[in-house]
Amino acid sequence: QVQLVESGGGLVQPGGSLRLSCAASGNIFSINAMAWYRQAPGKQRELVAAISSGGSTTYQDSVKGRFSISRDNAKNTVYLQMNSLKPEDTAVYYCNADIRVWGSDIRDYWGQGTQVTVSS
């Protein structure tokens, strides 16, 4: 009923920038918090940044000042602007959202992931 589709990943050199997008579609009544997570090979999935329905944001310490999360509520879309990328930012990035479907309770949804590789 609900899909989260990410886009914008790819290969970038250290110091470069990428912008990730995640669009939610389906029988959506409302979306609460939206977030980006990442998982590097051999590591656990970790929260990168989150944004509330009202626009309050939170970031992992390692990305503060380099990454910026934003959302367009009219488009049910969340973005992650990533600047000054480092090799340690290499990971699969996943979109996450708390979504209420019409006639149902709030549920946690995940996108399929998009690969971000930072390498020279």
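Above this text sits the structure in question.
Below, the structure is looked at part by part. (Residues numbered from 1 in each chain as written. Predicted model: local features only at pLDDT ≥ 70, side-chain atom pairs only at ≥ 80, totals over all residues. Heavy atoms only, no water.)

Here we come to the overall build of the chain. Broken down by element type, the chain carries zero helices and eleven strands. Taken along its principal axes, the extent of the C-alpha atoms in the chain is 50 × 25 × 25 Å. Within the chain, the proportion of its 120 residues that are buried is 39%. Taking as baseline every contact in the chain between residues at least 6 positions apart, the subset at least 24 positions apart corresponds to 54%. By element, 45% of the accessible surface of the chain is carried by carbon and sulfur atoms, the whole surface being about 6,300 Å². Within the chain, the 9 negative side-chain charges are centred at a point lying 3 Å from the centre of the 11 positive side-chain charges. (Helix = DSSP H or I, 4+ residues; strand = E, 2+ residues; numbered from the N terminus. Buried < 20%, exposed > 50% of the residue type's maximum accessible area, 1.4 Å probe, protein only. Contact = heavy atoms within 4.5 Å. Areas by Shrake-Rupley, 256 points an atom, 1.4 Å probe, with all protein chains shown as cover. Lys, Arg positive; Asp, Glu negative; His and termini not counted. Charge placed at Lys NZ, Arg CZ, Asp CG, Glu CD.)

Below, the discussion takes up the pattern of salt bridges. One pass over the full model with this rule turns up four salt bridges. The closest approach of N and O atoms between Asp89 and Arg38, which form a salt bridge, is 3.0 Å. Highlighted residues: Asp89 in the loop between strand 8 (77-82) and strand 9 (91-101) and Arg38 in strand 4 (residues 28-39), separated in sequence by 51 residues. Using a relative accessible area of 1% as the deciding quantity, one classes Asp89 as buried. Among the salt bridges present, the one from Asp61 reaches Lys64, with a minimum N-O distance of 3.0 Å. Residue class for Asp61 comes out exposed when judged on its relative accessible area of 61%. What you see here is one network of salt bridges that share partners, running through Arg38, Glu46, Arg66 and Asp89. (Salt bridge = Lys/Arg side-chain N within 4 Å of Asp/Glu carboxyl O.)

Within the largest apolar cluster, 30 residues are counted, with the highest numbers of intra-cluster contacts made by Trp36, Leu80, Met82, Tyr93 and Ile99. Going through the elements one at a time, strand 1 (2-7), strand 3 (18-26), strand 4, strand 5 (46-51), strand 7 (67-72), strand 8, strand 9 and strand 11 (114-118) are the ones with two or more residues in this core. Of the residues forming this core, the biggest block, six residues, is contributed by strand 9. (Core = buried A, V, L, I, M, F, W, Y, C linked by side-chain atoms within 4.5 Å.)

This part takes up the state of the cysteines. A full pass over the atoms with the stated rule returns one disulfide. Here Cys22 engages in a disulfide with Cys95; their sulfurs sit 2.1 Å apart. Here the disulfide of Cys22 and Cys95 is left-handed, its torsion about the S-S bond being about -80°. Residue Cys22 is located in strand 3, and its partner Cys95 is located in strand 9; the two are separated by 73 residues in the primary sequence. Overall, the relative accessible area of 0% leaves Cys22 in the buried class. For Cys95, a relative accessible area of 0% translates into the label buried. (Disulfide = S-S within 2.5 Å.)

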